[in-house]
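Listed below are the residues making up each chain.
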Amino acid sequence: MSTTTKLGVAQSPAPAKASKARPRRGLRGNPTFNFWLFTGPFLIGLVIFVFVPIGWSIWLSFFDARYTVTPSNFIGFDNYKQILTNSNFPESLWTFSVFAAFIVPTTWALSLGLALLVNQLRFMRAFFRSVFFLPTAVSYVAAALIWKMSIFSGVRFGLMNTVLGWFGVDNIAYLADPTPPWYWLVIVSLRLWIQSGFYMILFLAALQNIPAELYEAAAIDGAKKGWQTFRYITLPQLRATSTAVILLLLIAAYQAFDEFFNIIGTKATWAQTPLMELYKAALGTNQDYGAGSAGAVILSLLICLVTLVQGKFMGFGRGDESK
């Protein structure tokens, strides 16, 4: 309420002073403690399960580590020479190259196409997004067994042979003979089914971040909806996402193991990936952990090199997309 002075002028009371907030005491007021409280367990797990195995693998690669992970016989770069000259590791890189040539562009195109279709929906968008993303939760082992024993089984009871039989096509032994290489159809379709939904989500998020003003300006300038809009507006705006997707696909292709191991196995020399060769070197009859570790180091360096070259070529991490 206002008060009246001797001159008869109303005067409002002075505002009350804000009380100072009491500083937090104890552990809750210590930001350093809170930081380590939340990040400490993750950092400990990262060190134990990532950094220590990487360092141990590099250390083993310079020792004669047959049947032991605590060797004492230092042999220098002999394991690297062995894995590069006296094994099938270099030939397995050819298998990877063929696999990457199939899987990288097809997954990129399929995931982008699915994202464009889902983004155009006006109803049930969340439903279709979930349906396409759901295969990501399936393990490679379970999917590989279904593909091998049910869908692409070489007998006439397999799903694909049953469908082809309706059109008079004879049974196809997809996994028994590398000539013609029908096994690529099995492996590529399996990975497409599992991976496309994940990368579709990445493209869908990027599509929803494109400003609508760009399409409105293009319509005013006379650009037609469809290919012109996609080529000159949508695709350039997806450059960063496309680069990230291609990098992730290349890294995943280098690490291909589960579907090859469960569908083809390790005895078929015509379809061995680098990880399968490292598996045979480290966990085979000789259990040469030194050679396996050397191969792992070479593969890691190769992945880093390809990633850097690909990122440099496509401008990954560039601040200004117009440059």
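Predicted, not measured: the structure shown is a model, and the values here were computed from it.

## Focus: the overall build of the protein chain
Regarding its fold elements, the protein chain presents 13 helices and 2 strands. Residue burial in the protein chain is summarised as follows: out of 323 residues, 33% are buried. When contacts within the protein chain are restricted to residue pairs at least 6 apart in sequence, long-range pairs at least 24 apart make up 63% of them. Accessible surface computed for the protein chain: about 20,700 Å², of which carbon and sulfur atoms make up 67%.

## Things to note about the environment of Ala-291
By the secondary structure assignment, Ala-291 is in helix α13 (residues 289-314). Judged by relative accessible area, which is 2%, Ala-291 ranks as buried. Separated by 204 residues in sequence, Ala-291 and Ser-87 place their C-alpha atoms 9.8 Å apart. Once you skip the residues sitting within four places of it in the chain, Ala-291 turns out to touch Asn-79, Gln-82 and Ile-83.

## Focus: the layout of surface pockets
A water-sized probe, rolled over the atoms, reveals where empty space remains. If you add up the space inside the largest pocket, you get close to 380 Å³. Contributions of two or more residues to the lining of the largest pocket are made by α1 (31-60), α12 (274-283) and α13. Here the element with the most residues in the lining of the largest pocket is α13; it accounts for 7 residues. A per-class count over the lining of the largest pocket returns 12 nonpolar, 4 polar and no charged.

## Remarks on the packing of aromatic side chains
Inspection of the entire model under this criterion finds 23 aromatic pairs. Ring geometry for Phe-62 versus Phe-74: centroids 6.5 Å apart, planes at 20°, classification stacked. Of this pair, Phe-62 sits in the loop between α1 and α2 (78-85) while Phe-74 sits in the loop between α1 and α2, and the two are 12 residues apart along the sequence. Look at Phe-198 and Tyr-199: their rings are 5.1 Å apart centre to centre, the planes differ by 80°, and that puts the pair in the edge-to-face class. Through a chain of ring-to-ring contacts, the aromatic side chains of Trp-59, Phe-62, Phe-63, Phe-74, Phe-77 and Tyr-80 assemble into a single cluster.

Each value, and the rule that gives it
Residues numbered from 1 in each chain as written. Predicted model: local features only at pLDDT ≥ 70, side-chain atom pairs only at ≥ 80, totals over all residues. Heavy atoms only, no water. Helix = DSSP H or I, 4+ residues; strand = E, 2+ residues; numbered from the N terminus. Buried < 20%, exposed > 50% of the residue type's maximum accessible area, 1.4 Å probe, protein only. Contact = heavy atoms within 4.5 Å. Areas by Shrake-Rupley, 256 points an atom, 1.4 Å probe, with all protein chains shown as cover. 1 Å grid on protein atoms, 1.4 Å probe; cavity = no way out; pocket = protein on both sides within 12 Å on 5 of 7 lines; lining within 4 Å. Points joined across faces, edges and corners; volume = space filled by probe spheres on them. Nonpolar A, V, L, I, M, F, W, Y, C, P; charged D, E, K, R; others polar. Phe/Tyr/Trp six-rings, centres within 6.5 Å; stacked < 30°, edge-to-face > 60°.

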